[in-house]
Amino acid sequence: METTAELPQHQNHSDVASPQNDVAFSSEEEEEDHSSLPKETTPEPAVLDSPDSSSEEQQPHPQNPNTLIRLDPPSGSAVPPPRKRRRRKKFFTELSAAASQNRRSDVVKDTDVEALIANSVGFPGDSLTEEEIEANVVSTVGGSEQGRYIIVRNHILAKWRSNVSVWLTREKALKSIRNEHRGLVDSAYRFLLEHGYINFGVAPPIKEAKSRSFDGIERGTVIVVGAGLAGLVAARQLVFLGFKVVILEGRNRPGGRVKTRRISADGVVAAADFGGSVLTGINGNPLGVLARQLGLPLHKVRDICPLYLPDGKNVDSEMDSRVEVSFNKLLERVCKLRQKMIEEVKSVDVPLGTALEAFRRVYKVAEDKDERMLLNWHLANLEYANATLMSNLSMAYWDQDDPFEMGGDHCFIPGGNEIFVRALAEDLPIFYGRTVECVKYGSDGVMVYAGGQEFRGDMVLCTVPLGVLKKGSIEFVPELPQRKRDAIHRLGFGLLNKVIMLFPHNFWGGNIDTFGHLTEDLSMRGEFFLFYSYSSVSGGALLVALVAGEAAIRFEMMSPVESVRRVLDVLKDIYNPKGIAVPEPVQAVCTRWGKDHFAYGSYSYVAVGSSGDDYDILAESVGDGRVFFAGEATNKLYPATMHGAFLSGMREAANILRVAKRRSSTPDARTTNNTVENDDLNRLFLNPDLTFGSFSVLFDPLKLNELDSSSLLRVRIGGAMMNCVGLYLYALVSKKQVIELSQVEGDENRTRMLNRNFRVSLVGRKGLSGAAESLIANIKFSRSNHSEVGNGIMQGMESSMQQYGQ
């Protein structure tokens with residue numbers, strides 16, 4: 001939700017979520033040779049997608065271009081890059097330093113480069129992931145076969161990352177690896193393919209290949225709730241894995257908390273991200289892959305971030321450095337304290353803010369007024385990164401995901417992140433304006449109720465934000481397990497808001513992307529504390545003021561006009577003393593994510609009493625593999641990020657496939673009977689009595705001339721993506737209603753008439769009533785015994801239309 005400040009002579013246009021990604025690697029093509037272990041290969045240098053990447057962040061190029069890829073277990077580690085000031089979410093990692101051990105900074109071999117690529121994507125250097133163990137990629141975990149598998153897996157992954165716009169086939173993956181290791185290649189390739197680590201995205205060859213089942217097997221129907229990044233990614237992957245898919249989205253657009261809108265006035269136009277905006281670290285980031293496939297330039301968010309006092313003066317650089325050092329030392333002391341508490345007391349937690357303030361008092365940090373304001377700015381920045389007040393954050397686990405942060409630059413996407421959304425949503429069967437009210441699940445499938453309609457499927461994937469789950473907007477029948485409800489309650493879901501302003505010209509200068517503002521009011525330290533300049537990527541002089549912490553909550557109770565005026569006062573305090581006039585914005589919009597009924601906030605955080613385990617619990621499926629969950633709040637490693645949502649969608653598509661395979665290995669009689677019934681109905685609709693758009697109809701052969709007679713209506717869901725695994729919904733309607741529908745232009749208008757005018761809901765095959773089953777039986781009997789019925793139907797149809805006034 002957003003509101004627009006009604007400034008003089010300007011109208012509104014227009015939502016906000018988390019800020020949130022890729023180092024890509026390129027390689028020369030290997031020569032064909034099946035005689036060696038992986039063969040001699042040209043090493044793949046790390047290529048940063050950021051245009052302004054510093055040399056310190058690039059991995060060294062291997063010295064020997066002709067080194068054999070050896071199938072020896074990888075070892076060593078790369079030292080993670082130094083943290084950047086003011087834009088990083090986290091600040092210390094002492095508790096989980098072990099997660100980044102065993103990397104080597106002296107990269108001199110092909111396998112090391114490939115291991116670095118795999119590591120950037122999230123694979124450990126010398127062990128298997130839980131997903132790999134569950135998929136039985138090797139016969140024995142921990143043996144020599146595992147070491148060889150890891151090198152093969154890393155090689156395949158790096159090979160695709162060298163050219164993400166081309167489909168990597170199994171045969172091509174085999175070219176540089178000995179035939180004796182074919183089994184390892186098969187295992188690694190299938191795992192990476194099914195789990196979405198290779199051959200994903202929106203490049204034309206990729207999209208074309210993924211528009212159909214990869215093995216020709218149809219595996220059932222999945223209903224996806226929510227068309228955000230997680231839902232869209234999962235749906236595309238599920239189609240590729242052989243599932244019929246339908247997406248139900250309450251909004252009238254895809255993207256969820258990723259929203260880009262063009263705002264304009266007086267001939268000035270700019271694209272603004274109202275929600276997720278910054279790609280936070282592009283090394284290994286899947287959204288960085290999408291950017292490469294779409295040919296999008298990435299704009300590195302520059303590190304220069306001047307800070308201004310309330311009177312507009314620059315913060316003294318010496319004081320700036322001193323307070324930042326003190327702030328980081330406070331965090332280090334809190335870290336040591338929590339280590340002792342966890343080791344000695346267990347399960348004891350206190351707010352991070354309480355602990356920091358206690359240490360600040362003890363060590364007499366920032367007692368000077370200006371220093372205290374500067375320290376509060378750093379605290380506001382921390383509240384922005386976590387979307388909540390310091391008093392809500394768990395001291396023990398607030399930064400539990402810190403070791404897994406993606407490295408590399410933070411970047412803007414020119415034109416906004418909705419370009420990803422549009423590409424991912426293309427050709428998917430999305431029902432907009434379908435707010436899901438209830439999900440029923442049992443041993444025979446699921447039923448989802450949305451917008452007055454009932455949708456039946458084999459499984460459902462729920463990707464709604466944590467805020468919606470906390471609000472209880474969706475009823476689950478039976479109720480979700482207590483374990484999951486407790487996790488939903490414990491995890492935090494915070495708030496960040498923005499004031500987006502389009503000016504007639506850029507008055508703040510083009511050499512910075514961020515600048516900060518200090519305030520004397522402790523409770524309002526997050527109000528307009530940080531400004532992002534999007535003038536270099538939006539097409540216009542666009543400036544965004546962030547509102548975090550307690551200020552973000554108060555902000556939603558303030559009128560948009562007052563909010564914009566307060567921002568302008570801040571800007572005038574900064575620039576007017578420098579002789580720079582601050583013009584009135586030609587357009588301004590204020591977000592209201594806390595009041596958005598499809599979000600109820602911005603992104604998740606670890607609250608006091610919660611931990612990273614709650615993310616895992618939230619990700620667990622329920623109902624013996626009937627109801628699955630995805631979204632940033634289900635991703636323990638990458639929460640509160642766009643790439644976290646993306647990766648969770650891929651994860652759940654793989655989980656759904658695993659459950660479907662398990663279930664198909666023990667088919668019951670009911671499944672067999674349903675398959676036969678579906679085949680019979682499909683044969684009947686090979687020759688429908690009437691078709692228009694995606695609608696096809698079978699009439700009652702015994703009552704051809706009666707307008708009130710029953711007819712079976714079938715609606716095909718989805719476009720090109722669904723050509724190979726069509727999803728159909730059905731309804732029993734009268735012949736008169738069929739004629740009225742046939743006279744309406746467009747499937748969307750026909751569906752609207754069906755729902756609103758006729759009060760008819762489309763259902764799955766299993767949801768047809770007894771009357772519909774009786775009609776199907778009559779049609780089957782009539783067609784099998786009377787071949788002349790077809791001509792009679794057409795004559796009856798013509799007669800009916802004449803009676804109805806055609």
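Please read these numbers as outputs of a predicted model, since none were measured by experiment. (Residues numbered from 1 in each chain as written. Predicted model: local features only at pLDDT ≥ 70, side-chain atom pairs only at ≥ 80, totals over all residues. Heavy atoms only, no water.)

### Here we look at the overall build of the protein chain
Along its length, the protein chain carries 23 helices and 29 strands. Residues classed as buried in the protein chain amount to 58% of the 806 residues present. Entry remark: accessible area of the protein chain is about 31,600 Å², with carbon and sulfur atoms responsible for 49%. (Helix = DSSP H or I, 4+ residues; strand = E, 2+ residues; numbered from the N terminus. Buried < 20%, exposed > 50% of the residue type's maximum accessible area, 1.4 Å probe, protein only. Areas by Shrake-Rupley, 256 points an atom, 1.4 Å probe, with all protein chains shown as cover.)

### Concerning the sheet that holds strand S9 (residues 299-300)
Read across the open sheet, the 3 strands follow the order S8-S11-S9; overall the sheet is antiparallel. The open sheet has two free edges, formed respectively by strand S8 (279-280) and S9, since each of these has just one partner strand. One ladder, built from 2 bridges, connects S9 with strand S11 (residues 410-412); its direction is antiparallel. Paired with His299 across the strands is Phe412, a residue of S11. (Pairing = 2+ DSSP bridges.)

### Digging into helix H21 (residues 747-757)
Residues Arg750, Thr751, Met753, Leu754 and Asn755 constitute the buried set of H21. For H21, the elements touching its buried residues are strand S15 (453-457), strand S26 (690-692), strand S27 (695-699), strand S28 (710-717), strand S29 (727-734) and helix H20 (735-742). Once H21 finishes, Arg759 follows within two positions and takes phi at roughly 55°, a positive value. (Contact = heavy atoms within 4.5 Å.)

### Notes on the sheet that holds strand S13 (residues 436-442)
Taken in spatial order, the 4 strands of this open sheet run S15-S14-S13-S17, and their pairing is mixed. Because the sheet does not close on itself, it has two edges, and the strands there are S15 and strand S17 (475-477). Strand-to-strand twist in this sheet, taken as the mean axis angle between neighbours without regard to direction, amounts to 15°. As defined by bridge partners, S13 adjoins S17 across 3 bridges and the pair is classed as parallel. (Axes fitted to C-alpha atoms, helices over the stretch in contact; angles between N-to-C directions.)

### Notes on the packing of aromatic side chains
Applying the stated criterion across every chain yields a total of 24 aromatic pairs. Aromatic pair Phe214 and Phe240: ring centres 5.1 Å apart, planes at 35°, arrangement tilted. Within this pair, whereas Phe214 is found in the loop between helix H6 (204-209) and strand S4 (221-225), its partner Phe240 is found in helix H7 (residues 229-240), the two being separated by 26 residues in sequence. Within the aromatic cluster, the residues linked to one another by ring pairs are Tyr308, Phe503, Phe507, Trp508, Phe515, Phe531 and Tyr575. Sitting over the face of the ring of Tyr363, Arg333 holds its NZ or CZ atom 3.8 Å from the ring centroid. Of note, Lys735 hangs over the ring of Phe699, and the distance from its end group to the ring centre comes to 4.9 Å. (Phe/Tyr/Trp six-rings, centres within 6.5 Å; stacked < 30°, edge-to-face > 60°. Lys NZ or Arg CZ within 6 Å of the ring centre and 35° of its normal.)

### As for the pattern of salt bridges
Taken as a whole, this structure holds 38 salt bridges when the rule is applied. With its nearest N and O atoms 3.2 Å apart, the salt bridge here joins Lys661 to Glu194. On the criterion of sequence distance, the pair formed by Lys661 in helix H18 (residues 642-664) and Glu194 in helix H5 (residues 182-194) is long-range, its members being 467 residues apart. Judged by its relative accessible area of 32%, Lys661 is partly exposed. Classification of Glu194 as buried rests on a relative accessible area of 9%. Within this structure, Glu357, Arg360, Arg361 and Arg372 form a network of salt bridges that share partners. (Salt bridge = Lys/Arg side-chain N within 4 Å of Asp/Glu carboxyl O.)

### Overview of the environment of Gly609
As for its placement among the helices and strands, Gly609 is situated in the loop between strand S24 (604-605) and helix H17 (613-619). With residues near it in sequence (within four places) discarded, Gly609 still touches Asp349 and Arg490.

### What about the nonpolar core?
Membership of the largest hydrophobic core comes to 79 residues, with the highest contact counts inside it found for Tyr149, Ile156, Leu232, Phe243 and Ile247. What Ile247 contacts, discounting residues up to four positions off in sequence, is Val224, Gly226, Ala227, Gly231, Leu232, Ala235, Leu428, Pro429, Ile430 and Phe431. The next biggest cluster of nonpolar side chains, apart from the first, holds 58 residues, and it includes Val315, Met319, Ala548 and Val589. (Core = buried A, V, L, I, M, F, W, Y, C linked by side-chain atoms within 4.5 Å.)

### Here we look at unusual backbone geometry
For the bond from Val477 to Pro478, the omega torsion is -5°, close enough to zero to count as cis. Even without glycine at this site, Asn136 takes up a positive phi of about 55°. Structurally, Asn136 is set in the loop between helix H2 (130-134) and helix H3 (144-161). Residue Asn136 is classed as exposed on the basis of its relative accessible area of 61%.

### Focus on the pairing of strand S7 (residues 268-273)
Counted residue by residue, S7 has 5 buried out of 6 residues, so it is predominantly covered. Summarising the sheet, strand S6 (residues 260-265) and S7 pair through 6 bridges and their orientation is antiparallel. In the sheet register, Ile263 faces S7, and the bridge partner there is Ala270. The hairpin turn running from S6 into S7, its antiparallel successor, is 2 residues long, and Asp266 in that turn takes a positive phi close to 55°.

### Some thoughts on the packing of helix H8 (residues 286-293) against H18
Packed helices, taken two at a time, are described by the angle between their axes plus the distance between the axes. Remark: H8 packs on H18, axes separated minimally by 8 Å, with the N-to-C direction vectors making an angle of 90°. Of the possible angle classes, the one that applies to H8 and H18 is roughly perpendicular. Every residue of H18 that contacts H8 at Pro286, Leu287 and Leu290 is listed here: Met642, His643, Phe646 and Leu647. Looking at the contact of H8 with H18, its residues break down into 6 nonpolar, 1 polar and no charged. (Parallel < 35°, antiparallel > 145°, perpendicular 65-115°, else oblique. Nonpolar A, V, L, I, M, F, W, Y, C, P; charged D, E, K, R; others polar.)

### Considering helix H9 (residues 317-344)
Taking 1.5 Å of rise per residue, the 28 residues of H9 would be expected to cover 40 Å, and the 41 Å separating its terminal C-alpha atoms lies within 8% of that figure. Along H9, the positions that sit buried rather than exposed are Met319, Asp320, Val323, Glu324, Phe327, Leu330, Leu331, Val334, Cys335, Arg338 and Met341. Contacts made by the buried residues of H9 are with strand S10 (307-308), helix H10 (352-362) and helix H11 (369-386). Taking the backbone nitrogen of Glu318 as reference, a side-chain oxygen 3.2 Å away marks Asp316 as the first, capping residue of H9. (Expected span 1.5 Å × (residues − 1). Polar contact = N/O pair within 3.5 Å; in protein donor to acceptor, adjacent residues only side chain to side chain.)

### Description of the pairing of S15
The element S15 is extensively covered by neighbouring structure, given that 4 of its 5 residues are classed as buried. Bridging between strand S14 (residues 445-450) and S15 involves 5 bridges; their strand directions are antiparallel. For Ala450, the partnering residue across the bridge sits in S15 and is Gln453. Count of turn residues in the S14/S15 antiparallel hairpin: 2 residues, of which Gly451 carries a positive phi of about 55°.

### A look at the packing of H7 against H18
Two elements in contact, H7 and H18, have axes separated by 7 Å at closest approach and are oriented at 35°. Relative to H18, H7 is oriented so that their crossing is right-handed. Contact with H7, carried on its side by Leu229, Ala230, Val233, Ala234, Gln237 and Leu238, involves Met642, Ala645, Phe646, Ser648, Gly649, Met650, Ala653 and Ile656 of H18 and no other residues of that element. When the residues that make up the contact of H7 with H18 are grouped by side-chain class, the tally is 11 nonpolar, 3 polar and no charged. (Left-handed = near helix turned anticlockwise from the far one by under 90°.)

### Considerations on the confidence of the model for the protein chain
If pLDDT is low for a region, its predicted coordinates should not be looked at in detail. Chain-level pLDDT for the protein chain is 84 on average; 81% of the residues reach the 70-or-more range. Long-range and interchain partners of residues 5-108, a stretch whose pLDDT sits below 50, account for 329 contacts in this model, where long-range means more than four residues apart. Note on residues 787-806: pLDDT under 50 across the span, and 29 contacts to partners over four residues away in sequence or across chains. (pLDDT = per-residue confidence, 0-100.)

### Some remarks on the side chain of Lys207
Relative to the helices and strands, Lys207 resides in helix H6. By relative accessible area, Lys207 is classed as buried at 14%. Separated by 2.5 Å, the side chains of Lys207 and Glu426 make a polar contact.

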